[in-house]
Amino acid sequence: MKENNKTYWKGLEQLTNDPEFVKNADREFPEHLPSSNGENGGPSRRDFLKLMGFSLAAASLAACEAPVRKAIPYVNKPVDINPSIPNYYASTFAFGGDYASIVVKTREGRPIKIDGNELSPINGKGVSAIVEASVLSLYDKERLAAPYVNGEKSDWATLDAQVKSKLAAAGSVKIITNTILSPSTEKALSQFAETIGGAEVITYDPVSSYGITKAAETSYGAAVLPTYKFDQAKVIVSFGADFLGTWISPIEFARQYAKGRKISKEKPEMSRHFQFESNLSLTGSNADYRTPIKASVSGLAVLSLYNALAKKAGAASFNAAAVEVAHLDKAANELWANRGASIVVSGSNDPNVQIVINAINDLLGNNGVTVDFSTPSFFRKGDDAKMNQFVADLNAGRVGGVLFFNCNPVYDFAKGAELAAGIAKAKVSIATNSTMDETASAVQLVAPDNHFLESWNDFNPRKGEYSLAQPTISPLFDTRQAQESLLVWAGSESNYYDFLQENWNSTIFASQSELSDFQQFWDQSLFNGVYSDNSEPTSISGVADASAAAAAISRTYKADNAATELVIYTKIGIGNGTFANNPWLQEMSDPISKATWDNYLTVSQKWANENGLKMFEGATQKAKLTIGDKSIIVPVLVQPGQAIGTVGLALGYGRTKAGRVANGVGVNAYELLDSSKGFVNFDITEGVSIELTSDKYKIAQTQTHQTYMGRDFVVQESILPEYKEDAFAGRYQPKIYKEGEFVKPSKISLWKGHQYSQHHWGLAIDMNSCIGCGACTVACQVENNVAVVGKQEVLNRREMAWIRIDRYYSSDAEVGDNDGLEIASENPEVVFQPMMCQHCNNAPCETVCPVAATTHSSEGLNQMTYNRCIGTRYCANNCPYKVRRFNWFKYHDNKDFSTVNVAQNDDLGKMVLNPDVTVRSRGVIEKCSMCVQRIQAGKLTAKREARKVQDGEITTACATACPTDAIVFGDMNDTGSKIYATLKIQEETLSATKEVNEERAYHVLEEVNVNPNVWYFTKIRNKDKSEA
Amino acid sequence: MSIKRSLLSVPLRLSTLAMVFFLMLGAQAFGANPDVSDSEEAIAAGKSVFNANCKSCHKLDQKYTGPALRGVTDRRSIEWAKSFIKNSQAVIASGDPQANAIYKEFGNLAMPAHEFLSDTELESLLSYIEYGDKEAAVAEGGGEGSTEQTAGGSGVPNEYLTIILAVLVVVLLLILIVLGLIISVLTKYLNNQNLEEDDKEFINQKFDVKKILRSDAFVIIITALVIALVAKTAIDGLYSVGVQQGYQPKQPIAFSHQLHAGQYEIQCQYCHTGVEIGKSANIPSANICMNCHTHIQNVGGKEGVSSEIQKIYNAVDNNQPIEWVRIHNLPDLAYFNHSQHVAVGGIECQTCHGPIEEMEVVYQHSSLTMGWCIDCHRQTDINAVGNEYYDKLVQLHSDSKNSLKVKDIGGLECAKCHY
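Note that this is a predicted model, so its numbers are computed, not measured.

### Notes on the overall build of chain A
Part 1: Summing up its helical and strand segments, chain A has 30 helices and 43 strands in all.
Part 2: When its C-alpha atoms are laid out on the principal axes, chain A stretches across 85 × 75 × 70 Å.
Part 3: For chain A, the residues scored as buried account for 57% of the 1028 residues in total.

Below is the structure:
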């Protein structure tokens, strides 16, 4: 067995062994306890409490009369709704081109949880953090409750009359929208456009993929996105495309990617992934070979890859400046060796780069296999050039009327400020936005749309794939679905539901022959949520000709750009900023930086050293970022893996009119985007200057909070060639000396050990599949009513997350070798490890609780009883995994937390709470319960039906949400279960100690023999031996 | 007689009786219309039709909201019966004298139409009416007797206890008097003897109450007793905080469980629809009330609309839900699921809710404290028969000489109720 000799560190402080860090690392609660000792000579808080104690007790006893509570049944109970029994409806999440087919769980008619729709060929059961969190936006009390006319609350009749009369007199009308995936909406839009005399529909996307569609148009004659199939690629090369995190359809890609990354002894094969990028993205952190490159080089790197491949193919190569990019030749060789089973993608929005990418995939024969333009996807339809033209027209007074159809370009378009100034020049401006956001507050008439969970709709995300959205609740406010507004304004009598059905009847139903009855067809499609029409792929002609593009790239990209470059990216939590007002997403720690509630300039360690910035546990300085005539003040975050000479800044922050949660959080990076080249450019390579100011700032990171007290071998990893030789590669197998021999730690115990006669619940987590996306963390928050605590409390290290994704950077250097460590930190390898309560069978927390508030169940669960807990926190202190969280405050019904913890403070927000889970109060510890409410519900269903629990019918929220199936939940006593097979449990036993045959499976901190019920699988990277 | 009715007791009781009942049916041919089938399937099918549609107003052998039904096929033709069941108003309107007579006899109370019943269903219904549940009444009495005996099996009834106590007190008093008399006689006798002064003094010494009152021992004992009493009262008081046993609030409608569940024997889950499928048993929605109260507008055969029933109509007309006062309030920190106890555990409603069928106004019968829950979990056997879920547990437990109780399978663990 070869031991892993890497050093893992969670932050630069840990790496450099900063004394302050070491001091804090030893303490669970680094901050001072909130007690005052009466320095002013007056009585302290504790004295006051002592004095008040008796009288309070006396007063509360006197007031013990129980309040009268009402039980109010329905007047007329709907047949399908039974109190306490959830209903599930298939629907669809789609905002702009961000798409997921979903299943909505409702309780007593309230949607409370969103899961992926297993039947969906696109996202399957997987979801993203944003999709999970979107249910909370339904209960946002800042959604508009009525139509607005000139900033005043109005009614629909007035608004409709105004819209009709004003539009009739407006002249040239433009309709601005984000990508619309819905064929019926497009039809309604065009019907509306026709009735007002031919309005033009202009589509843009906040995070544009115009480069790809434009390139596809040039190469193949159709402005569409291809369908990517990462699962069929043995070699994946990505130039800055964060396809696992934020690029186009990340849930789908993550799902595909994980299929190619799952390995076992029977199938020790996995895809190899090269990433060339400037910022350390989620995708880059999963790559086998990651090369940080400057944005100014990226085009040339693509070109030199083309040239290398062209040389092998015997095709003509293009003139290009030579660039030195590590691993590029290796990538070329491997791509060539896997022709037709590889994929090359780029996140660039430059059409020229994308044309070369097309040419590369043509050269490799990937076109039609892994990059399929014959089955086009429609996730992005935005046309940057048209949108630029529109802004120019608007400001020139050439636009008479404008309708913003559920989009917010004032905030999220590069020329937002210009656009805002121009809106007043139009005779009539209308928005259908559902909040008074940056755009809605600039227009005359606002016709607020329903929330998507209140709406009917259809979607066509890909050729041949359809899905439906159905309302899961009646509209909460006096809003009207935007499509219905269009129909009304077009003078149609029909409502949108009828319109939708009619459209399906005449198109999709008419083109199929399986079912002859439309109602049956409709019901079936609605029940499934998705429908595939198995249509023939369109034929595409031509092979991409990249000569013109190559010439353009040679002109615009430089191999030796000395200037600082700004690469603008999107974070997986906040995305393009549409959902910025969602506290669950704001508090979700970014997978890479582990920061919450902020965006920041990511800089390399080298830059920090040169500029004298020392970042310590989130404490940093602000910098002045200047691009041309625009400048903003933004905090700086030192980010290992950041390409030297580049800095990164995330979109989606700096909202001014999003609502109470997001307003004023971070800075707006949209206004820094460059659209001078005809497309929205996210890479600013010229005119960027950064000047560190003396302003101190604290970024609320969860990064260095929970440490393992210097104990290593938490992360166990290896590389594929070694795994092939020895399946135990990378495993740390501690042995303990006992009576003349070395034995496994589990053979030595003070305890007799539990026996689990019925169930033995456990989790198996494959670190090879886990991409760190964080969907599980939000799913857990929704399912278990986990409180949001706000930025200050995160700074105080009091975040409440039950499951966190630990992110470890690794380095090959020795611990003592500080210079070596510093070099490694420029491009570290990254490991993600989901960490939740390990449900130890020899639980250290259980033995120290003075009131037995945490106990072990007969099914292997470590139970936490809130009403018994008195808050000594001994358990948290004794937990080797630091997964127990303490309620320092009453986060519910507390005005101090009302703007961050909205799900537990106002009446509307509370509707999202899971009624089966207690909302915890101040002074108690809480932690992962392995979704015991779901276990209990599943068991009860089985008992009622007088049968055994079937594997898979009970699952935890995290496992359900995971798009890559990295988390497997199940009963380890059930020989037929997936977890039993995954772990290859040696023999059927009722004992809590299960011996497993799976070589990769290990317990974190096995040597302390707390015997967890959570197993991890070693991470295997597909690297060659010489380079590991 | 208290009639225990619950989800499981009825089918259980009936299944044990069914054998006897059908055996008797075979032997005893009575004067029913020979066209009515007496097959077991027909009767069973008819019973479910009867329970679903007729039971709230009709009994087989007893006059009720509607007439006693048995023998209807003798009194009327089968065709008449069928058409009357399907749509009685139509038959009445057609001027049928028999129909009109019965309509008048029952206070012009219209029977709802049952057009949805198929001919087969109607025939099996008639089979049930003629042959079904003949001995039910007799057997029910017997069955109830036996359950009551087991319920009260531990000893002597309360009133006897009082009498015995009183007798004992009287006997004690008599003994005291006799003892007093003996003492005075003995004192007199001793005084008449020639005794020494010391002995005389001893014999005639006075009982000094003051001395005892002032003694340390007495003061300490009394103080301790007072402290103990105060402590006990305080602790009892604290334990009763939040315990609402006996809580009997006034409800917005004077709904009587005694009438509905007791007298009319409407099954609990007819109204409390969630009890076998979900966490909450469900307070019935107004539309469930209206299933019967569309037709039943008053009680006790009175004319017009009762003011209480009018409240249901108001609720429905104004689409304004009835705001019942919740009686059983578990704290939010405890999770309780009805279906676990009723559908899986086979617990009778009365076990926790008390004699609901005797309550004019419902009150909280049990304390609903955690101690009360736990006690039951300690004592109650698992209802594992025929439930595959428990097979493994039963098998593992088979060596034990005690029966498999809730506590044996984790029923005392925190996270069974607290999460």
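### What about the packing of helix H13 (residues 384-395) of chain A against helix H15 (residues 416-423) of chain A?
When two helices pack together, you describe them by how their axes are tilted relative to each other and by the distance separating the axes.
Residues and elements named next belong to chain A.
Part 1: Interhelical geometry of H13 versus H15 gives an angle of 35° and a closest axis separation of 8 Å. Crossing of H13 against H15: the hand is left-handed. In this structure, H13 uses Val391, Leu394 and Asn395 to contact H15, whose residues at the interface are Glu418, Leu419, Ala421 and Gly422.

### Focus on helix H12 (residues 351-363) of chain A
Since one α-helical turn is 3.6 residues long, residues separated by three or four positions face the same way.
Part 1: A rise of 1.5 Å per residue sets the reference length of H12 of chain A, with its 13 residues, at 18 Å; its end C-alpha atoms lie 18 Å apart and thus fit the reference within 8%.
Part 2: Where H12 of chain A terminates, the next one or two residues include Gly365 of chain A, which has phi positive at roughly 70°.

### A closer look at the nonpolar core
Part 1: Counting residues in each nonpolar core, the largest one holds 292 residues, and the members touching the most others are Ala301, Val356 and Ile765 of chain A.
Part 2: For this core, the leading source of residues is helix H10 (residues 295-313) of chain A, giving nine residues.
Part 3: If we skip the residues at most four places from it in the chain, Val356 of chain A touches Val302, Leu303, Tyr306, Ala546, Ala549, Ala550 and Ile553 of chain A.
Part 4: Core analysis: the next-biggest nonpolar cluster, separate from the first, contains 20 residues, Phe50, Phe84, Val91 and Ile129 of chain B among them.

### Structural notes on the domain arrangement of chain B
All names here are of chain B.
Part 1: As assigned here, chain B comprises domain 1 (9-150), domain 2 (158-230) and domain 3 (257-416).
Part 2: With seven residues of domain 1 at the contact, the number on the domain 3 side is eight residues.
Part 3: Within the side of domain 1 that touches domain 3, the residues separate by chemical class into three nonpolar, four polar and no charged.

### Let's talk about the domain arrangement of chain A
Part 1: Taken domain by domain, chain A consists of domain 1 (7-20 + 711-1026), domain 2 (148-208 + 382-528), domain 3 (217-375) and domain 4 (562-700).
Part 2: Put simply, the middle of domain 2 of chain A and the middle of domain 3 of chain A, counted by C-alpha atoms, are 35 Å apart.

### Structural notes on the environment of Glu945 of chain A
Residues and elements named next belong to chain A.
Part 1: Topologically, Glu945 is positioned in the loop between helix H28 (932-944) and helix H29 (957-961).
Part 2: The exposure class assigned to Glu945 is partly exposed, which follows from the 13 C-beta atoms found within 10 Å.
Part 3: In sequence terms Glu945 and Thr777 are 168 residues apart; their C-alpha atoms lie 33 Å from each other.

### Details of the sheet that holds strand E11 (residues 235-239) of chain A
Residue and element names in this part refer to chain A.
Part 1: In spatial order, the strands read E13-E12-E11-E14; together these four strands make up an open sheet with parallel pairing. Edge positions in the sheet fall to strand E13 (289-292) and strand E14 (342-346), since each of these pairs with one other strand and no more. Here the strands of the sheet are splayed against their neighbours by 10° on average, with no regard to which way each runs.
Part 2: Inspection of the sheet shows E11 paired to E14 by five bridges, in the parallel sense. Across the sheet, Val235 pairs through a bridge with Ser342, a residue of E14.
Part 3: Across the sheet, helix H11 (residues 328-337) touches E11, strand E12 (272-277) and E14, and the angle it forms with E11 is around 135°.

### Digging into the interface of chain A and chain B
Frequently, the measure chosen for interface size is the accessible area that the parts lose on association.
Part 1: At the interface, 40 residues of chain A touch 48 residues of chain B.
Part 2: Only strand E2 (70-71) and H28 of chain A provide two or more residues apiece to the side of chain A that touches chain B.
Part 3: With six residues, H28 of chain A is the single largest residue contributor to the side of chain A that touches chain B.
Part 4: The class makeup of the residues in the side of chain A that touches chain B is 17 nonpolar, 14 polar and nine charged.
Part 5: Where E2 of chain A and strand E1 (residues 324-325) of chain B come together, two bridges link them in antiparallel fashion. Directly across from Ala71 of chain A, in E1 of chain B, lies its bridge partner Trp324 of chain B.

### Observations concerning helix H9 (residues 158-192) of chain B
Part 1: For H9 of chain B, built from 35 residues, the straight-helix expectation of 51 Å at 1.5 Å per residue is met to within 8% by its first-to-last C-alpha distance of 52 Å.
Part 2: Of all the 35 residues making up H9 of chain B, zero are buried; the element is thus mostly uncovered.

### Considering the packing of H10 of chain A against H11 of chain A
Residues and elements named next belong to chain A.
Part 1: For the pair H10 and H11, the least separation of the axes is 10 Å and the interaxial angle reads 45°. The angle between the axes of H10 and H11 places the two elements in the oblique class. Seen from above, H10 lies across H11 with right-handed handedness. When H10 is examined against H11, the residues Ala301, Ser304, Leu305, Ala308, Leu309 and Lys312 are found in contact with a partner set consisting of Leu328, Asp329, Ala331, Ala332, Leu335 and Trp336.

### Comments concerning the pairing of strand E33 (residues 761-766) of chain A
All names here are of chain A.
Part 1: Summarising burial for E33: six of the six residues are buried, a large majority.
Part 2: Of the two faces of E33, the one holding Trp761, Leu763 and Ile765 and the one holding Gly762, Ala764 and Asp766 are both buried throughout.
Part 3: Relative to strand E40 (residues 967-971), E33 runs antiparallel, the two sharing five bridges. Counterpart to Gly762 in the pairing with E40 is Gly970.
Part 4: With four bridges joining them, E33 and strand E42 (residues 1014-1017) adopt parallel strand pairing. Its bridge partner being in E42, Asp766 is matched across the sheet by Phe1017.

### Quick notes on the sheet that holds E33 of chain A
Part 1: Pairing in this open sheet of four strands is mixed, and the strands run E40-E33-E42-E41 (chain A) from one edge to the other. Edge positions in the open sheet fall to E40 and strand E41 (1001-1002) of chain A, since each of these has one partner strand only.

### Quick notes on the environment of Val135 of chain A
All names here are of chain A.
Part 1: Among the structural elements, Val135 can be located in helix H4 (residues 129-138).
Part 2: Since 26 C-beta atoms lie within 10 Å of it, Val135 is described here as buried.
Part 3: Between the C-alpha atoms of Val135 and Val782, which are 647 residues apart in sequence, the distance is 8.9 Å.
Part 4: Setting aside chain neighbours within four positions, we find Val135 in contact with Pro111, Ile112, Lys113, Ile114, Val782 and Val912.

### Observations regarding unusual backbone geometry
All names here are of chain A.
Part 1: The backbone of His327 sits at a positive phi, close to 70°, despite the residue not being glycine.
Part 2: Its location among the elements puts His327 in the loop between H10 and H11.
Part 3: Phi is positive for Asn406, which is not a glycine, with a value near 50°.
Part 4: With respect to the helices and strands, Asn406 occurs in the loop between strand E16 (401-405) and helix H14 (409-412).

### Quick word on the pairing of strand E25 (residues 619-627) of chain A
Residues and elements named next belong to chain A.
Part 1: By the bridge criterion, eight bridges tie E25 to strand E28 (residues 683-698) in an arrangement that is antiparallel. Considered in E28, the bridge of Thr620 is made with Tyr697.
Part 2: As paired elements, E25 and strand E26 (residues 630-638) share six bridges and run antiparallel to each other. The partner of Lys624 across the bridge, within E26, is Ile633.

### Observations regarding the confidence of the model for chain B
All names here are of chain B.
Part 1: Mean pLDDT over chain B works out to 81, with 86% of the residues at or above the 70 mark.
Part 2: pLDDT under 50 marks residues 1-30. Its contacts with residues more than four places away, or in other chains, come to 37 contacts.
Part 3: For the stretch residues 136-154, pLDDT sits under 50, and the model shows six contacts to residues farther than four places along the chain or on other chains.
Part 4: As a predicted assembly, this complex carries a pTM of 0.82 together with an ipTM value of 0.84.

Criteria and cut-off values
- Residues numbered from 1 in each chain as written.
- Chains lettered and ligands numbered in written order.
- Predicted model: local features only at pLDDT ≥ 70, side-chain atom pairs only at ≥ 80, totals over all residues.
- Helix = DSSP H or I, 4+ residues; strand = E, 2+ residues; numbered from the N terminus.
- Buried ≥ 20, exposed ≤ 12 C-beta atoms within 10 Å, placed from the backbone.
- Axes fitted to C-alpha atoms, helices over the stretch in contact; angles between N-to-C directions.
- Left-handed = near helix turned anticlockwise from the far one by under 90°.
- Contact = placed C-beta atoms within 7 Å.
- Expected span 1.5 Å × (residues − 1).
- Core = buried A, V, L, I, M, F, W, Y, C linked by C-beta atoms within 7 Å.
- Domains from an automatic or database assignment.
- Nonpolar A, V, L, I, M, F, W, Y, C, P; charged D, E, K, R; others polar.
- Pairing = 2+ DSSP bridges.
- Parallel < 35°, antiparallel > 145°, perpendicular 65-115°, else oblique.
- pLDDT = per-residue confidence, 0-100.

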